Amino acid sequence: MSEMLLEVQGLRAAHGQLVAVRDLGFSIARGEVVALIGANGAGKTTLLRCLAGVHPTAAGRVTLAGQDITALLAHQRVRRGLAMVPEGRRLFDDMSVRENLRVAGDHGRAGEWTLPRVLEALPALPPIIDRPAGALSGGQRQAAAIGRALMTNPDVLLLDEVSLGLSPLAVEEVYRNLAALAGRTSLLLVEQDLSRAMAFADRVLCLREGRIVLQGPAQSLTREAVTAAYFGVEFDVEAERPMETQP
Amino acid sequence: MNTPKHFGLAVAAVLLLACVPAFAGASVVDKLTTLFIYMLLATTWNLMAGYAGLVSVGQQAFFGLGGYFALRLVDGGLPAYPALLAGALGAALLAWVLSFYVLRLKDGEFAIGTWVVAEVIRILVMLDPLIQGETGTSLIALNAVEPELRRSIGYWFALAALAGMALAMAVLLRSHVGTAAKAIGDDDEAAASLGVRVLRTRQVIYVLAALGAALAGVAWLASAITFLPRTNFGVQWSVLMLFMVLVGGLRSGSGPYIGALLLFALQELMGDFGAWYLAGLGAAAAGCALFLPQGLWGALSPRLSRLFARPHVSSSVSIPQERTVP
Amino acid sequence: MTEALIQGLLLGGFYAILAAGLSLMFGVMRIINLAHGDLAIVGAFGVIALTERTGLSPWLALALVLPVMALVGIALQRWLFARTLRAGILLPLLVTFGLGAVLQNTLYGAFGSEARSLGSALGDLAWASWELPGGIVVGQLPVITFVIAVAVLGALQLLLNHTRLGRAIRAAASDPEAAALCGVDAHRVHRAAAAIAVALAGLAGALLAMQATVEPYGGPTLLIQAFEAVVIGGIGSLWGTLLGGVLLGVAQSLGALWSPQGFQLAGHLLFLAVLGARLWRNHRHQLGRPALPAWRHPRAARKAVRA
């Protein structure tokens, strides 16, 4: 009986003829924070979308709390406790923040994350609660999107491009909010900022060309190793520096 | 219709068909005329919808307008046959004028907008005392021509119109307008960003399609002689065009011809346009749209070409199965 | 003339009910249902057939037919419309146009070509009227229709704004994928929207049969009028649809004063004019200019010269 909350085996996904994710396998424990890094086009967003159920998988298995959810549609996965904050936030622009949260609350799972609790955890929200989502700033949208996902009471929360397009202050705020979740909710977040990813996460997964090329506890990975994996340079572990290129 | 061989076959077919009135009976000539009119309507609707992505439910406007202008010109003193041709050209001219407005509409707005424009034209035409409202009128001048000659001329007119349109469309689709049209049909914003002149390209196609519909309309008038607004401006023509193109195969070269043949055959079998028959047409069109997007021709032609295929040496170059995202 | 205005206003109520369903389907599923008018006629004939066979009052028959229409909507959505959603805008237009042809000709085959009405079943109500100050006479049925329209639109607005289903519908209309990520089952939402839309069409059809006549091929005319009302009032707003319906009705009634064909013609011309004005305004916005050229605003022109 695995204690892993989310398990992925042999995942494969494509965009038409282009394979974006190939034979991917990893797992996430309950309460663990995993950072997903990689260059643009490495397959990070595709992986998250496959896990969330909005992108078709060509092969592989996804298991949540021991149950196979590979065949489930996105809204069914939400009801099992897997939620995603998508790239671009995708708020319902014509609806107020309150209504955005209530939609998720209506159709997600019941649990500790009620509207009052979410507003308490995300202090940026109460002042803008009745404003239309289309009229928010970048940081506010991010907070609202996270709040919306929380309303479904997820066990696993996927976050795509956490700090993209946000000011440094806003990024600080986001990570403060996420810190409150760590330990209770498993987080899989895509982050372009390498140092922040390694500082915040328990474990780091580096993707390149649809494959995991490096993974391990954030503390024990050196920046050099991660950078090498990120850019696809061979790394000499003992010498702790990139290998000389072959003539 | 890709090779010179195909072109030669087409020319031979047209010449052969042109000889038909010499030895065939009246009913055969009439039926073939009707078939040519169906084909004309099908190919022009396919041009708009299949190649330029313009779903118009208002082509019947030009079908009726060609006849109306012809009637007006005859009333003004022009001889019958030149009037018919001029009427069709006049309808195409009006299409050009309308295109500045109509082609700025999108998708659903365009579909219903063209329908509304057709209705407006129908109402305005019915207000003309010459047409006498619902009663309609007749191209009496044609009665002066001897029936067999009239029938033959009507036949040749329809055949010439069809051949001419087919030629014009083949030339057009091979030209830069044709490639532009296909690009627009796929994604008009992307095409515009590449410098494709979207409006001009659409205009050419719209006007050509209107000309085709108008020629079909005057050919119809030449053989039916009577002009009834409800019939000549009726939206059932659009139902027929929809059926022929969808069942035959949207976007394919031969699809509309197959669809027209099928419609013609069905009409012969069913006698006349009864209600269940039209219902069946609608259902068949919808069914093909959903399940057979390539139409009958698209579904059958790979099988047919396999039947007639000659063995060939396979290429030794292997194509990689997948490429990674860069 | 005043009577024509009032008649047009009340006619607007009918158009609003007819258009609301079309607008809902477009807003949620991005489908323009070209068979919408034909579905209204189906509803009308359903009520007519029920009243004729069983002798029930038309209102009771209507109450029975509406749930059936809702079920028809669910069935159509599940087996027809849902399949068209996968491929562009062309497919729904083609399929719904074909569906319309099927419905029209099936009705013709089943009921024949003659126009029918519920007027006889309604008894006195069919021609009862009230007299307003100033000697103006208004039919009771048109007023009842208008009241029903306001009630229906109000109920729909309440549904969309204050219920779970309504929020789900608006979410799915705004961003279907994001809605799925919130746990909203898009298929169920679409079926609910289709059920409401087709039931509204049936209601409109029955109300039409009460005040006038319906015939199997009358669907396309209704579709065009519904679409015109939506466009004139502005796509995306329920109360806008009522306004659009009223403007359409008024234009038509005024047109009818001029000639019998003026009724339809005036409506079409208003529609084309409003559409044209919107196109013009969008065109100017794209060029970065105000909707009207500077010479119409002498103050603006003087400002521009000074700058």
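Residues numbered from 1 in each chain as written. Chains lettered and ligands numbered in written order. Predicted model: local features only at pLDDT ≥ 70, side-chain atom pairs only at ≥ 80, totals over all residues.

1. Brief notes about the overall build of chain B
For the record, the criterion: A run of H or I in DSSP becomes a helix once it reaches four residues, and a run of E becomes a strand once it reaches two; helices and strands are each numbered from the N terminus. Exposure classification rests on a simple neighbour count of other C-beta atoms within 10 Å of a residue's own: a residue reaching 20 or more is buried, one at 12 or fewer is exposed, and one in between is partly exposed. C-beta atoms are placed from the backbone. Once C-beta atoms have been placed from the backbone, residue pairs whose C-beta atoms lie within 7 Å are recorded as contacts.
Across its full length, chain B holds 15 helices and three strands. Buried positions account for 44% of the 326 residues belonging to chain B. Of the contacts made within chain B by residues no fewer than 6 positions apart, 79% connect residues no fewer than 24 positions apart.

2. Considering the environment of Glu-173 of chain A
Residue and element names in this part refer to chain A. Examined against the element boundaries, Glu-173 turns out to sit in helix H6 (residues 168-181). Through-space distance from the C-alpha of Glu-173 to that of Gly-139 is 8.3 Å; in sequence the pair is 34 residues apart. With residues up to four places along the chain from it excluded, the contact list for Glu-173 reads Ala-124 and Gly-139.

3. Considering the domain arrangement of chain C
Residues and elements named next belong to chain C. Spelled out, the test is: Residue ranges labeled as domains rest on an automatic or database domain assignment. Amino acids are sorted into nonpolar (Ala, Val, Leu, Ile, Met, Phe, Trp, Tyr, Cys and Pro), charged (Asp, Glu, Lys and Arg) and polar (every other residue, Gly among them).
Domain boundaries in chain C define domain 1 (2-258) and domain 2 (262-307). Between the C-alpha centres of domain 1 and domain 2 the distance comes to 32 Å. Of the residues lining the interface, 12 residues belong to domain 1; the matching set on domain 2 comes to nine residues. For the side of domain 1 that touches domain 2, the leading source of residues is helix H11 (residues 238-258), giving eight residues. Its residues placed into classes, the side of domain 1 that touches domain 2 shows eight nonpolar, three polar and one charged.

4. Concerning the interface of chain C and chain B
The parts lose accessible area when they come together, and the size of an interface is often stated as this lost area. The interface is formed by 31 residues belonging to chain C together with 32 residues belonging to chain B. Only helix H3 (58-84), helix H4 (90-111), helix H10 (219-233) and helix H12 (262-286) of chain C provide two or more residues apiece to the side of chain C that touches chain B. Element by element, the count of residues in the side of chain C that touches chain B is highest for H4 of chain C, at 14 residues. Tallied by class, residues from the side of chain C that touches chain B come to 21 nonpolar, nine polar and one charged.

5. Some points on the interface of chain C and chain A
The partner chain A presents 23 residues to the 15 residues of chain C that form the contact. Looking at the side of chain C that touches chain A, the elements that each hand over two or more residues are helix H7 (164-174) and helix H8 (176-181) of chain C. Residue contributions to the side of chain C that touches chain A peak at six residues, all from H7 of chain C. When the residues that make up the side of chain C that touches chain A are grouped by side-chain class, the tally is seven nonpolar, two polar and six charged.

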